[in-house]
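# Close look at the chain arrangement
So the chains spell out like this:
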2 protein chains.
Amino acid sequence: MTVLTKVPEAAQVTKADLEGLSPKEIRSIVREGRWTGGTEGLARGYAQANLIILPQEVALEFLIFCQRNPKPCPIVEVTDPGSPMVTQVANADLRTDLPRYSVYKDGKLIDQPSNIVKYWRDDLVGFLIGCSYSFEEALLGAGIPLRHQEEDKIVSVYTTDVPCVPAGRFAGPMVVSMRPIKNHQLVRAIQVTSRFPATHGAPVHVGDPSLIGVDLNKTDFDTGVFELGEDDVPVFWGCGGTPQAVALASKIDFMITHKVGHLFITDKRSEAIAAL
Amino acid sequence: MTVLTKVPEAAQVTKADLEGLSPKEIRSIVREGRWTGGTEGLARGYAQANLIILPQEVALEFLIFCQRNPKPCPIVEVTDPGSPMVTQVANADLRTDLPRYSVYKDGKLIDQPSNIVKYWRDDLVGFLIGCSYSFEEALLGAGIPLRHQEEDKIVSVYTTDVPCVPAGRFAGPMVVSMRPIKNHQLVRAIQVTSRFPATHGAPVHVGDPSLIGVDLNKTDFDTGVFELGEDDVPVFWGCGGTPQAVALASKIDFMITHKVGHLFITDKRSEAIAAL
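Attention here is on the structure that accompanies the text.

Rules and cut-offs
- Residues numbered from 1 in each chain as written.
- Chains lettered and ligands numbered in written order.
- Predicted model: local features only at pLDDT ≥ 70, side-chain atom pairs only at ≥ 80, totals over all residues.
- Heavy atoms only, no water.
- Helix = DSSP H or I, 4+ residues; strand = E, 2+ residues; numbered from the N terminus.
- Rg over C-alpha atoms; globule rule 2.2 N^0.38 Å.
- Buried < 20%, exposed > 50% of the residue type's maximum accessible area, 1.4 Å probe, protein only.
- Contact = heavy atoms within 4.5 Å.
- Areas by Shrake-Rupley, 256 points an atom, 1.4 Å probe, with all protein chains shown as cover.
- Lys, Arg positive; Asp, Glu negative; His and termini not counted.
- Charge placed at Lys NZ, Arg CZ, Asp CG, Glu CD.
- Pairing = 2+ DSSP bridges.
- Axes fitted to C-alpha atoms, helices over the stretch in contact; angles between N-to-C directions.
- Buried area = accessible area lost by both parts, 1.4 Å probe.
- Salt bridge = Lys/Arg side-chain N within 4 Å of Asp/Glu carboxyl O.
- Nonpolar A, V, L, I, M, F, W, Y, C, P; charged D, E, K, R; others polar.
- Core = buried A, V, L, I, M, F, W, Y, C linked by side-chain atoms within 4.5 Å.
- Least-squares fit on C-alpha atoms with pLDDT ≥ 70 in both.

### Considerations on the overall build of chain A
Counting its secondary structure elements, chain A contains seven helices and 13 strands. Against the globule reference of 19 Å for 276 residues, chain A gives a C-alpha radius of gyration of 18 Å, in line with a compact fold. With the principal axes as the frame, chain A shows a C-alpha extent of 50 × 45 × 35 Å. When burial is assessed residue by residue, chain A has 55% of its 276 residues classed as buried. Put simply, of all contacts in chain A between residues at least 6 apart along the chain, 75% involve residues at least 24 apart. For chain A, the accessible area works out to roughly 11,700 Å², and carbon and sulfur atoms hold 52% of it. Of the charged side chains in chain A, 27 are positive and 33 negative, and the gap between their average positions amounts to 3 Å.

### Structural notes on the sheet that holds strand β11 (residues 232-238) of chain B
Residues and elements named next belong to chain B. Pairing is antiparallel across the open sheet formed by four strands, whose spatial order is β8-β9-β11-β10. Of all the strands in the sheet, the pair left with one neighbour each is β8 (156-163) and β10 (205-206). Here β10 runs beside β11; their pairing, made up of two bridges, is antiparallel. Its bridge partner being in β11, Val206 is matched across the sheet by Val235. With respect to the sheet, helix α6 (residues 186-194) is in contact with β9 (173-182), β10 and β11, its orientation differing from that of β11 by roughly 15°.

### Observations regarding the interface of chain A and chain B
Each partner contributes to the interface: chain A provides 21 residues, whereas chain B provides 21 residues. Here chain A meets chain B over a buried area of about 1,700 Å², counting both sides, of which 63% is carbon and sulfur. Considering only the side of chain A, the residues that lose the most area to chain B are Leu60, Gln67 and Arg68 of chain A, jointly responsible for 33% of the buried surface there. In this assembly, chain A and chain B are joined by two salt bridges. Note that Asp80 of chain B and Arg68 of chain A form a salt bridge whose closest N and O atoms lie 3.2 Å from each other. For the side of chain A that touches chain B, the elements supplying multiple residues, two or more each, are α3 (56-68) and β2 (75-78) of chain A. The leading source of residues in the side of chain A that touches chain B is α3 of chain A, at seven residues. A breakdown of the residues in the side of chain A that touches chain B according to their chemical character gives 12 nonpolar, six polar and three charged.

### Things to note about the nonpolar core
Residues Leu54, Phe127 and Phe170 of chain A together with Leu54, Phe127 and Phe170 of chain B are the most contacted members of the largest nonpolar core, which totals 64 residues. Setting aside residues up to four positions removed in sequence, Phe170 of chain A forms contacts with Leu54, Val58, Glu61, Phe62, Phe65, Val246, Ala247, Ser250 and Ile252 of chain A.

### A few points about the sheet that holds strand β10 (residues 205-206) of chain A
Residue and element names in this part refer to chain A. Spatially, the four strands line up as an open sheet ordered β8-β9-β11-β10, and their pairing is antiparallel. Unpaired on one side and paired on the other, β8 (156-163) and β10 mark the two borders of the sheet. Summarising the sheet, strand β9 (residues 173-182) and strand β11 (residues 232-238) pair through seven bridges and their orientation is antiparallel. Opposite Ser177, over in β11, you have Trp237 as the bridge partner. Here helix α6 (residues 186-194) sits on the sheet in contact with β9, β10 and β11, set at roughly 15° to β11.

### A look at the relation of the copies chain A and chain B
Of the transformation placing chain A onto chain B, the axial shift is 0.0 Å and the rotation is 180°, giving an RMSD of 0.0 Å. Put plainly, the chains are arranged around a two-fold axis. Among all C-alpha atoms of chain A, that of Leu60 of chain A lies closest to the rotation axis, at 2.5 Å. A shared binding surface is used by both copies, with 100% of the interface residues of chain A retained as interface residues in chain B.

### Section: helix α4 (residues 133-141) of chain A
Residues and elements named next belong to chain A. The set of residues buried in α4 consists of Tyr133, Ser134, Phe135, Glu136, Ala138 and Leu139. Each element contacted by the buried residues of α4 is listed here: β1 (46-55), α5 (147-150), β9, α6 and β11. A positive backbone phi angle near 80° is found at Gly143, which sits one or two residues after α4.

So, to be careful, I would describe these as geometric facts and stop short of saying anything about function.
The following block contains the structure:
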């Protein structure tokens, strides 16, 4: 409670106010609508998760899709059908506990609200999917620098020509994130991220981008592009953008996701969900 | 084809006839009804899997249950709803490619046929769940002996007082297998099995059985009991009997499983599905 006194009583808080707060404290402030910004850098050491909410009618197919494509779609938690409550990786309400959402109807973005109370329906199922922030902290901890942080950019994201394993109406190419890694740190980077299968795990590709249909200068999302030095190897990890892109392409009539960068903060330390 | 000439043209084959055959060759013989025995020791090096087939109506809940309890219920593959075809870990037909099945109606065992063609329905979903044979081979490979093999018994299986995380109508205690491990090999045994999350992974408990509600002399299934020497530590792993027990207890009106010991043989080498 002493920590909470740092937070102003008034409406909005700043990112600095949130520093050092626990996931539960941050979610409580988010729930009150007092923080609607991004979550990168908040509650350091705790795993964050991507959110996809879908109608129950397609939930089984979607979960099978994720099971078949664990690198881009590592499932962290699935809510009970009809329930917005997270019970395993936190005690939280998906309708209010993320700072901002994207609501899609018939494949079109119709709203980006700070809560989805009015959009919740009794047939919705929430999927929390691992996010790369966890393994990035582990890379930094192993002394492996992250270029997009150094250059204050968004990590580069590409659509590959590698098809995901389809399941029912869910099909499409794998989306990946790319980080330039110094050649002498490549092996360590693979080892470090292998420990985190719940947050995309080991790389899906190392080296020549053309082998997976990627041109490094052309990101498919409005993300950063990085100059590669002679000793830089491009390393590609499965990206949580994959299930979102696949779900959008499948023309499901209703879907809610987190807004990019506005993730769900879990109560689980990244180290606690590491495979070993 | 030269290998296949070892197999007699006539109806039944013996286990010795199957030695050295590939998973595909064995499944083909099983499909013809020429081998209806157990699968332990067959296609060494390849992962085998437990089978549970459930109506689609409960499939989402069951898959969520497995996601919440990955140690006892590691999902290897889920078939497309309504389809008996395995497409990821083999190209195979779940109706014919296991040597023997158990068919349950209203929670009662009604048949143990060698194929389930006549029981298949358009609303069924097949779940393949990892089996401990894979990590047992890895333990043996690391020089860690397995007492149940030495004594030619079935590994001991216990129902614990540790509740699984429930999902919908699926709830119940975790079922575990126990292997006595020599104290000086305990750390290595944990390391070796940690590499195989798809086949139950690291132990769920080490040491004092009473802490998880187990009396080593009372197995809940008709399995082996082992004398522990002074330097033996009882080590407990999540067991594929868990989802079966939980599904049975949930009073689902229809379920098909493999008959105990008569598993599905995949085309995946155990080492190929290891986490690292």
